[in-house]
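So the chains spell out like this:
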Amino acid sequence: MSEKKTKRRDFLFTATTAVGAVGAAAVVWPMIDQMNPDASVKALASTEVDVSALTPGNTLTVLWRGKPVFIRRRTQEEIDEARSVKMEDLIHPEKDEDRAKNPEWLVMLGVCTHLGCVPLNDKGDYNGWFCPCHGSHYDTSGRIRKGPAPWNMEVPKYEFVNANTIKIG
Amino acid sequence: MSDHDYRPKSKVGQWFNDRLPLLTLANHLTDYPTPKNLNYWWTFGGILTFCLITQIVTGLTLAMHYIAHADMAFESVEHIMRDVNYGWLIRYIHANGASMFFLAVYIHIFRSLFYGSYKSPREIIWILGIIIYLLMMAAAFMGYVLPWGQMSFWGATVITNLFSAIPLVGEGIVTWLWGGYSVDNPTLTRFFTLHYLIPFLILGLVVLHIWALHVPGNNNPVGIDIKKPSKDTVPFHPYIVIKDGFALLMFMIVFAFFVFYSPNILGHADNYIEANPMVTPAHIVPEWYLLPFYAILRSVPDKLLGVVAMLSAILILAVLPWLDTSKIRSAVFRPLYKQFYWILVADVLILGYVGAMPAEGLYLLIARVATAYYFLHFLVILPVLGFKEKTLPVPLSITEPVLGGSLNLATARQKESKIE
């Protein structure tokens, strides 16, 4: 093959293709991004919950961003059980102290990390939650112990506004 | 073929055909030489076309009454069932029509597997068919979400969450699919849009599927190449048209049985409860036609690998023409393949059964064995069989085994003597 010299025309082809590609991407992006959560969905970012009626050993389920949030007022027994677990026994090692800053209150998304079902309270082999869809068992800290789910149930950002009110989000 | 020398009789016809050769196309479809030994398993192409048209027509009419909004969808479906004139009939035809569509497509696919219709030179027809099948599954899944019942909602949640298994970008993709942080109104409206679009994409692909079919022509039960036109072929009209028509009538009887006598037997009672994001039904099951793949998903204990296994189970079909190394098409002349074929049929039925059962104990074990066998069939048995199997001699033409020179000489002579 003979040596090919770059000509003016080659430069024009390359430049035109490059500008065309950038232009096409600029048009395609809005079409893709319109499917992401819109401003009104994002605006529902936080919700306040009154937890004064919740007694130890009970769970309140509230809806936040279309997803259920479990607010569990744990008994001393449950706290002890959650805190005595060895880290090496966990699939997704997380300390209970980090998941529940105030040990009496456990706040987490009631969404199984496998495929998104809502696990059932006070069920399963670890006295915590059990997902009926594909059989994941969670302990009293909402940590995955057995089954196909890869992670612990997620703890959302929340804070106590006062002694009786939790603000989620 | 008479394609090129065809000329319409009337002056107007000639004038039109010179400008747009639609009449040439019609003539091609009428005279089209078809193998004369096609059996009833070959009638499902026509039946599937009927199913697609039925779904489009009933879907269009349902869309005139349905409201794609999370607050109103469930009610509007009940409104269709109770208030709209013949709404119950149209909806039951549409809902059961989806099941009939899949019933027909599975027979169509397994016919192709038995007679080797996917082999050279028909690979493109086969791949187009697999794409159509994938689109059918997408359309059926999204259609099932539209009534916004409990199964709709939780089925949508579980299936869209499959994408969260993708490392790094998975969660972002799921949020993007949902248009929010859970399955909600934005999800419903986009599913409705896509559910409306996909049947027309399928229609376009069906045209390509038939176009690609008309290049080499139909395979046939003997699986040999035939000369066209010859004494081995008959014109499509009236021979095949009548045969297809009769089979379609039989199929419609089955269809009508479901619509009029057991319209809800293939559905799930939980879907008559409105979607509730706070409560998951105790036992989530997809529609029957997705059960084998659901069983494969659940048989793998790892989330990502489970999703990979499920997708591979479908996509492996696309490369089937290259996995099957045998030059002989029809299982009639492949004594070993014929047995493995029926084992595969049983394997898929077993997967379907365990897919409907809870994923624990013996069911889980059976699902795992059946999943392993499914992949073994395509990845090991088929490639090896092409080299190891001793196939039976194949006749030179369709007519030959009938008029003599058959494998079973005694039978052929008997037939001959009867003719004499």
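Computed from a prediction, not measured in an experiment: that's the story for all the values here.

Here is what the cut-offs are and how they apply
- Per chain, residue numbering runs from 1 following the sequence as it is written.
- Whichever chain is written first is A, and whichever ligand is written first is 1; the rest continue in order.
- The model is predicted, so local features are restricted to residues of pLDDT at least 70 and side-chain atom pairs to those at 80 or more, both for listing and for counting; the totals for chains, interfaces and linings are taken over all residues.
- Just so you know, side-chain values use all the structure's heavy atoms and leave hydrogens and water out.
- How sure the predictor is of each residue is captured by pLDDT, a score from 0 to 100.
- Note on conventions: DSSP H or I runs of at least 4 residues are helices, E runs of at least 2 residues are strands, and numbering of each starts at the N terminus.
- Only protein chains enter the accessibility calculation, which uses a 1.4 Å probe; a residue is then buried when its area is under 20% of its type maximum, exposed when over 50%, and partly exposed in between.
- Think of a polar contact as two N or O atoms within 3.5 Å of one another; within protein, one of them needs to be a possible hydrogen donor and the other a possible acceptor, and neighboring residues in sequence only count if both atoms come from side chains.
- Any two residues whose heavy atoms approach within 4.5 Å are treated as being in contact.
- Angles here are taken between N-to-C directions and fall from 0 to 180 degrees, while the axes themselves are lines fitted to C-alpha atoms, restricted in helices to the stretch in contact.
- Here roughly perpendicular refers to angles of 65 to 115 degrees, roughly parallel to angles under 35, roughly antiparallel to angles over 145, and oblique to all remaining angles.
- The nonpolar class holds Ala, Val, Leu, Ile, Met, Phe, Trp, Tyr, Cys and Pro. Asp, Glu, Lys and Arg form the charged class, and all remaining residues, Gly among them, are polar.
- Whether two strands pair depends on DSSP finding at least two bridges between them.
- Whenever Lys or Arg places a side-chain nitrogen within 4 Å of a carboxyl oxygen from Asp or Glu, that contact is recorded as a salt bridge.

Student: An account of the confidence of the model for chain B is needed here, citing residue identities and associated values.
Tutor: Low pLDDT means the predicted atomic positions in that stretch should not be read closely. Chain-level statistics for chain B give a pLDDT mean of 92 and a share of 94% at 70 or above. Interface predicted TM-score (ipTM) for the complex: 0.79; the corresponding pTM is 0.89.

Student: I'd like to hear about the side chain of S326 of chain B, residue by residue, with values.
Tutor: All names here are of chain B. Turning to its location among the elements, S326 is positioned in the loop between α13 (320-323) and α14 (335-356). What makes S326 buried here is its relative accessible area of 8%. A distance of 3.3 Å separates a polar side-chain atom of S326 from the backbone nitrogen of I328. A distance of 3.4 Å separates the side chain of S326 from the side chain of R334, its partner in a polar contact. S326 has contacts with K119, R334 and G386, leaving out every residue within four places of it along the chain.

Student: Could you give an account of the confidence of the model for chain A, with specific residues and numbers?
Tutor: Summarising the model, chain A shows a mean pLDDT of 89, and 98% of its residues fall at 70 or more. Within chain A, helix α1 (residues 8-33) of chain A carries the highest mean pLDDT (95), whereas helix α2 (residues 39-43) of chain A carries the lowest (85).

Student: Could you give an account of the packing of helix α6 (residues 123-145) of chain B against helix α7 (residues 150-161) of chain B, with specific residues and numbers?
Tutor: All names here are of chain B. Axis separation between α6 and α7 bottoms out at 7 Å; the angle between their running directions is 135°. By the criterion of interaxial angle, the relationship of α6 to α7 is oblique. In this structure, α6 contributes F141, Y144 and V145 to the contact, and α7 contributes M151, S152, G155, A156 and I159. Here the residues of the contact of α6 with α7 sort into six nonpolar, two polar and no charged.

Student: Mind laying out the pairing of strand β3 (residues 67-73) of chain A, listing which residues take part and the relevant values?
Tutor: All names here are of chain A. Most of β3 sits out of view: six of its seven residues are buried. Alignment of strand β2 (residues 58-64) against β3, held across seven bridges, turns out to be antiparallel. If you follow V62 over to β3, its bridge partner there is V69. If you look at the hairpin formed by β2 and β3, you'll find two residues sitting between the two strands, and R65 has a positive phi there, around 55°. One ladder, built from five bridges, connects β3 with strand β4 (residues 105-109); its direction is antiparallel. Across the sheet, residue R73 finds its bridge partner in β4, namely W105.

Student: I'd love a proper account of the sheet that holds strand β1 (residues 47-50) of chain A, names of residues and values included.
Tutor: Residue and element names in this part refer to chain A. Pairing is antiparallel in the open sheet, where three strands are placed in the order β1-β10-β9. Single-partner strands in this sheet number two, and they are β1 and β9 (158-162). Each adjacent strand pair in this sheet contributes to an overall mean axis angle of 30°, direction not counted. Pairing geometry for β9 and strand β10 (residues 165-168), over four bridges, is antiparallel. By the bridge assignment for β10, Y158 is matched with I168.

Student: Could you give an account of the interface of chain B and chain A, naming the residues involved and the relevant values?
Tutor: The partner chain A presents 27 residues to the 27 residues of chain B that form the contact. Our count for the chain B to chain A interface comes out at zero salt bridges. The interface formed by chain B and chain A holds nine residue pairs in polar contact (both at pLDDT 80 or more) in total. Counted by class, the side of chain B that touches chain A contains 15 nonpolar, eight polar and four charged residues.

Student: Which residues make up the pattern of salt bridges, and what are the values?
Tutor: All names here are of chain B. Applying the stated criterion to the full structure yields 15 salt bridges over all chains. As a salt-bridge pair, D324 and K119 come within 3.2 Å of each other at their nearest N and O atoms. With D324 in the loop between α13 and α14 and K119 in the loop between α5 (87-115) and α6, this pair connects stretches of sequence that are 205 residues apart. Each member of the pair, D324 as well as K119, is classed as buried. The residue R329 makes a salt bridge to D225 at a minimum N-O spacing of 3.1 Å. Of this pair, R329 sits in the loop between α13 and α14 while D225 sits in the loop between α9 (185-214) and β2 (233-235), placing them 104 residues apart in sequence. Of the residues examined, R329 reaches a relative accessible area of 9% and is grouped as buried. Ionic contacts of the salt-bridge type, sharing partners, join the residues K119, D324, R334 and E389 into one network.

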